[in-house]
Amino acid sequence: MWLSDHYLNAVIAAGGIPLVLPVLTPVAKAKEMLNLCSGLLLPGGGDIDPLLFNEDPHPLNGEICPQCDDFELEITFQALQRGMPILGICRGAQVINVVAGGTVCQDISSEIDRPLKHMQQAPRWYPTHTITAVSGSLLEKIIGSAPVKVNSYHHQTVGKLGTGIKVSAYAPDGAIEAIEMADQQRFILGVQYHPEGMWKTDANAKAIFDCFIAAASDNKDVDI
């Protein structure tokens, strides 16, 4: 279990101070640890145990980490209860959805008709497919309404939406590429791609971190 410095550097570049929380911390300490934070960034990682959203594992479901699942689901629940700004990236977007009672599409290639290549073989900063933000969404306010090129390192995506969750971007094949809270009262955004790998070369990727850190610094309603 490790965290890429891409996340830390993106937070710092946006004016934040990253504090890495160890997932091996007992779940009971999650609330205490969250007291040290003004926002929660949920990074990418392995697959969520499908039993946690009441499904048996698909044959192509990947490696799971019970400690990561337990800690991230609990700390995300606590952050949602507080209305704390949350940015979920890849797995992190799925964590937000599962905490809200949703599910995960366990394998895009076998569950979506005519899928795109979502596990790119290219440098991390290089975009390989497009997404389009949903009109009126928080993400549209950040990246605009035109198709945006993104990088892609996932074989899963958000499935059935959780309570209060809405889709804020799709890939051309229909895969969900971003989610957010329907009421938009707080910055709670999950993206399936990896803006932390693109912030140096892509203004839209950096804008996501800028808006997240601004919301965490102000700890107030979204104002973009």
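The structure under discussion appears in the preceding block.
Criteria and thresholds
Residues numbered from 1 in each chain as written. Predicted model: local features only at pLDDT ≥ 70, side-chain atom pairs only at ≥ 80, totals over all residues. Heavy atoms only, no water. Salt bridge = Lys/Arg side-chain N within 4 Å of Asp/Glu carboxyl O. Buried < 20%, exposed > 50% of the residue type's maximum accessible area, 1.4 Å probe, protein only. Helix = DSSP H or I, 4+ residues; strand = E, 2+ residues; numbered from the N terminus. Expected span 1.5 Å × (residues − 1). Contact = heavy atoms within 4.5 Å. Pairing = 2+ DSSP bridges. Axes fitted to C-alpha atoms, helices over the stretch in contact; angles between N-to-C directions.

Peer 1: How would you sum up the pattern of salt bridges? Please name residues and give values.
Peer 2: A pair can form between side chains of opposite charge whenever their charged atoms are brought close. Taken as a whole and assessed by the stated rule, the structure comprises 6 salt bridges. Among the ionic pairs, Lys29 bridges to Glu32, the shortest N-O distance being 3.7 Å. The partly exposed category is assigned to Glu32, whose relative accessible area is 49%. Notably, a salt bridge pairs Glu72 with Arg91, separated by 2.9 Å at the nearest N-O pair.

Peer 1: Go over helix 3 (residues 66-82) with me, naming the residues and quoting the values.
Peer 2: With 17 residues, helix 3 ought to run about 24 Å at 1.5 Å a step, and its terminal C-alpha atoms sit 25 Å apart, in line with that. Those residues of helix 3 that sit buried are Cys68, Asp69, Phe71, Glu72, Leu73, Ile75, Thr76, Gln78 and Ala79. Where the residues of helix 3 are buried, they touch helix 2 (30-34), strand 1 (40-42), strand 2 (86-89) and helix 4 (91-99). Within two residues after helix 3, Gly83 carries a phi angle of roughly 70°, on the positive side.

Peer 1: Give a description of the sheet that holds strand 7 (residues 165-170) that names residues and reports values.
Peer 2: Pairing is mixed across the open sheet formed by 7 strands, whose spatial order is 1-2-9-8-7-4-5. Either end of the sheet is taken by a strand with one partner, and the two such strands are strand 1 and strand 5 (148-150). Within the sheet, the average angular offset between the axes of one strand and its neighbour, ignoring direction, is 25°. Of the strand pairs in this sheet, strand 7 and strand 8 (residues 176-181) are connected by 5 bridges, and their pairing is antiparallel. Paired with Ala169 across the strands is Ala178, a residue of strand 8. Docked against the sheet, helix 4 engages strand 1, strand 2, strand 7, strand 8 and strand 9 (188-191), running at close to 120° with respect to strand 2. Here helix 7 (residues 203-218) sits on the sheet and contacts strand 1, strand 2, strand 5 and strand 9; the angle it forms with strand 2, its principal contact strand, is near 145°.

The values reported here are purely geometric and, on their own, carry no functional implication.
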